[in-house]
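Here is what each chain is made of, one letter per residue.
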Amino acid sequence: MIYGHGDDTFRFGDKLKLNFSSNVYAWADLSGLKEHLMQHFEVVSHYPESEPSTLEKLLAEHLGVPANTVMITSGANEAIFLIAQLYKGWASIIPQPTFNAYEYACKSFDHLISYDRKDELEMLPEDRIYWICNPNNPTGNVLVKPLVNRIIRQNPRYLYVVDQSFADYTLRPMLKPSEMLDCYNLMLIGSLSKKYCIPGLRLGYVFSSPIIIDRLRQIRQPWSVNAMAIEAGKYLLENDPKMIPDLPGYLVEAQRLRKELASISGVRVMKTDTNFMLVLINFGDALELKNWLIDNYGILIRDASDFRGLDNHCFRIMARTKEDDNLLVVAIREYKKWKEGHY
């Protein structure tokens, strides 16, 4: 789980030049946040709130919902594990391929897991949770909002976890908490870490009914969100800086990169509605390619072979600038030549 995660830049030191392995926008202007945190650095000298209530109230105002419907977590990952813990022993349906933390969390708390095969679905108990990653990681595709909304509302017997951590990386409409206040079977996960491009600070949240949020709070460990993250979250929600200046233009570049990669014989690129995409190659191994790109170009990609349903020919990348993306395309072409012995 740890070494399979993307953005493992710490493993490569000075060899790393271009990071395509993370899905988080790499050029956000964090200067205002940096100045604010330096001015409030003294917060590290004291314990934070045992529960980040102040930040939760700000988030609720930002989302236009009551404060008792949101809970701040240490990244979306804590939210995922808390939900799995709260419903220990339930059945979980996790369509594949998707973010593998759902499976890890559910296995940690004795869930009966189905990977959406029809024969298993017919035998599952009624106490079940459906996990929906939207936009989906690692594919980048998005389920249309009316469909997700309809599924949740037409099946009140079941619980739905909808993880919208990458909602700010697509132009497709997403579920809004303020529109879902009457849905008591929904747990909506969001990520301030990704919205504001601060993955190192670990800020996520859960929106749900007051009853579910109260039960999640009862099992959350005290001080799970550190003082610096809370201070950063307060600044970001109060100022709401736009971290991706031109999202439409950025997504156009992602589609251009997808087209350029797909033009390479033996490369298949899955449809995406975001800045990241899943790539399949038939002329090599994803882990070998990852190491070859680091050694020869200083380029880091995400080996996606650890996602259930994918194999060692799959990797994930994020679009960068046109110049960087062109270099990636050239590098993969060169790897193909190397594999075919054309050097």
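To start, this report covers the structure provided alongside it. (Residues numbered from 1 in each chain as written. Predicted model: local features only at pLDDT ≥ 70, side-chain atom pairs only at ≥ 80, totals over all residues. Heavy atoms only, no water.)

Turning our attention to the nonpolar core. L261, I301, F315 and I317 are the most contacted members of the largest nonpolar core, which has 79 residues in total. Take this core: its biggest share by element is 7 residues, from helix α9 (residues 227–239). With 29 residues, the next largest nonpolar core counts M71, L82, F99 and I212 among its residues. (Core = buried A, V, L, I, M, F, W, Y, C linked by side-chain atoms within 4.5 Å. Buried < 20%, exposed > 50% of the residue type's maximum accessible area, 1.4 Å probe, protein only. Helix = DSSP H or I, 4+ residues; strand = E, 2+ residues; numbered from the N terminus.)

Before going further, it helps to spend a moment on the pairing of strand β13 (residues 314–318). With 5 of its 5 residues buried, β13 lies for the most part within the structure. Burial along β13 is two-sided: the residues C314, R316 and M318 and F315 and I317 are all buried. Pairing of strand β10 (residues 276–281) with β13 involves 5 bridges; the strand directions are antiparallel. Paired with L278 across the two strands is R316, which belongs to β13. Pairing between strand β12 (residues 302–303) and β13: 2 bridges, direction antiparallel. Looking at the pairing, R302 lines up with R316 of β13. (Pairing = 2+ DSSP bridges.)

So, about the sheet that holds strand β8 (residues 204–207). The 7 strands lie next to each other as β2-β8-β7-β6-β5-β3-β4, forming an open sheet whose pairing is mixed. At either end of the open sheet lies a strand with only one pairing partner, and these are β2 (70–73) and β4 (112–114). Ignoring which end each strand starts from, the neighbouring axes of this sheet average 20° apart. Judged from the 4 bridges that link them, strand β7 (residues 186–191) and β8 form a sheet pairing that is antiparallel. Note on β8: the bridge partner recorded for I189 is V206. Strands in contact with helix α2 (residues 53–63) are β2 and β8; relative to β2, the strand with the most contacts, it is inclined by about 125°. (Axes fitted to C-alpha atoms, helices over the stretch in contact; angles between N-to-C directions. Contact = heavy atoms within 4.5 Å.)

Hydrogen bonding along the main chain pairs the strands of a sheet, whether they run parallel or antiparallel. Sheet architecture is open: 4 strands sit in the order β9-β10-β13-β12, paired in antiparallel fashion. Two strands lie at the open edges of the sheet, namely β9 (267–269) and β12, each paired on one side alone.

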